[in-house]
Amino acid sequence: MRNFSRFLPALAVLSLVVVVLTGCGPGGPQLAPVEGVVTLDGTPLEGATVLFHPAEGGKPATGTTDAQGKFTLITRNLGEGAQVGMNNVSVSKEKKAETPANAEEGEIVDVVYETPAKYASPKTSELTVDVQPGIPPVTLELKSGE
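Residues numbered from 1 in each chain as written. Predicted model: local features only at pLDDT ≥ 70, side-chain atom pairs only at ≥ 80, totals over all residues. Heavy atoms only, no water.

**Looking at the packing of aromatic side chains**
Stage number 1. With the rule as written, the count across this model stands at one aromatic pair.
Stage number 2. Ring centres of Phe 52 and Phe 71 lie 6.4 Å apart, and the angle between their planes is 50°; on these two criteria the pair is classed as tilted. With Phe 52 in strand β4 (residues 49-54) and Phe 71 in strand β6 (residues 70-72), this residue pair connects regions lying 19 residues apart in the sequence. Exposure class is identical for Phe 52 and Phe 71. Each is buried. (Phe/Tyr/Trp six-rings, centres within 6.5 Å; stacked < 30°, edge-to-face > 60°. Helix = DSSP H or I, 4+ residues; strand = E, 2+ residues; numbered from the N terminus. Buried < 20%, exposed > 50% of the residue type's maximum accessible area, 1.4 Å probe, protein only.)

**Considerations on the environment of Thr 49**
Stage number 1. Along the chain, the position of Thr 49 falls in strand β4.
Stage number 2. Judged by its relative accessible area of 32%, Thr 49 falls in the partly exposed class.
Stage number 3. Non-local contacts of Thr 49, meaning those with residues more than four positions away in its chain, are made with Thr 62, Gly 63, Ser 90, Val 91 and Ser 92. (Contact = heavy atoms within 4.5 Å.)

**Digging into the nonpolar core**
Stage number 1. Of all hydrophobic cores here, the largest spans 22 residues; its most connected members are Val 34, Val 50, Phe 52, Val 91 and Leu 140.
Stage number 2. Counting only elements with at least two residues in this core, the list comes to β2 (35-40), β4, β10 (85-92), β11 (127-131) and β12 (138-142). (Core = buried A, V, L, I, M, F, W, Y, C linked by side-chain atoms within 4.5 Å.)

**Considering the pairing of β10**
Stage number 1. The buried count for β10 comes to six of eight residues, which makes it a mostly enclosed element.
Stage number 2. In this sheet, β10 lies alongside β4 in antiparallel orientation, the contact comprising six bridges. Bridge pairing in β10 places Leu 51 opposite Ser 90.
Stage number 3. Bridging between β10 and β11 involves five bridges; their strand directions are antiparallel. Residue pairing across strands places Met 86 opposite Asp 130, the latter belonging to β11. (Pairing = 2+ DSSP bridges.)

**As for unusual backbone geometry**
Stage number 1. Phi at Asp 41 is positive, roughly 55°, even though this residue is not glycine.
Stage number 2. Following the sequence through the fold, Asp 41 ends up in the loop between β2 and β3 (43-44).
Stage number 3. Accessibility expressed as a relative area gives 45% for Asp 41, which makes it partly exposed.
Stage number 4. In the Ramachandran plot, Glu 126 falls in the positive-phi region, its phi being about 65° despite a non-glycine side chain.
Stage number 5. Glu 126 sits in the exposed class, given a relative accessible area of 69%.

**Structural notes on the environment of Ala 61**
Stage number 1. By secondary structure assignment, the location of Ala 61 is in strand β5 (residues 61-64).
Stage number 2. Those residues within four positions of Ala 61 in sequence are excluded, and the remaining contacts are Val 50, Leu 51, Phe 52, Leu 73, Ile 74, Thr 75, Gly 81 and Ala 82.

**With respect to the pattern of salt bridges**
Stage number 1. Tallying each qualifying case throughout the model produces two salt bridges.
Stage number 2. Lys 93 serves as the salt-bridge partner of Glu 114, at 3.6 Å between the closest nitrogen and oxygen. Residue Glu 114 is located in the loop between β10 and β11, and its partner Lys 93 is located in the loop between β10 and β11; the two are separated by 21 residues in the primary sequence.
Stage number 3. Glu 114 sits in the partly exposed class, given a relative accessible area of 36%.
Stage number 4. Measuring nitrogen to oxygen at the nearest pair gives 3.5 Å for the salt bridge that ties Glu 126 to Lys 118. (Salt bridge = Lys/Arg side-chain N within 4 Å of Asp/Glu carboxyl O.)

This is the structure in structure tokens:
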């Protein structure tokens, strides 16, 4: 018994480290509900895809705008909202592309966007949002001249 008592402090420290590293609650990143509006040149943008990409890595949250340009984000397999912290944002809306009459079967037609190309990538959009619990609705104002 005497030898065991010498290891007790080390066992206590090891137990504390395990608790800290594994956490006490459910796993995964913290999410916060996010909703907002997307406009293009001041007009609500319907049918656009909005993606919040966590700057620290993780699953992006996505939403689609309605007729008033409003969206609500979800993160697949994780739940409602976006990952808490800084998020890089991308917004895109494809135009309905028609296949040219002279196109061959299986030919890939270039995708044409209603939104400026810079907004389609979180690396070039220059749109960022710091998601926090209780965040007010977000306004994403896109400009076609950019």
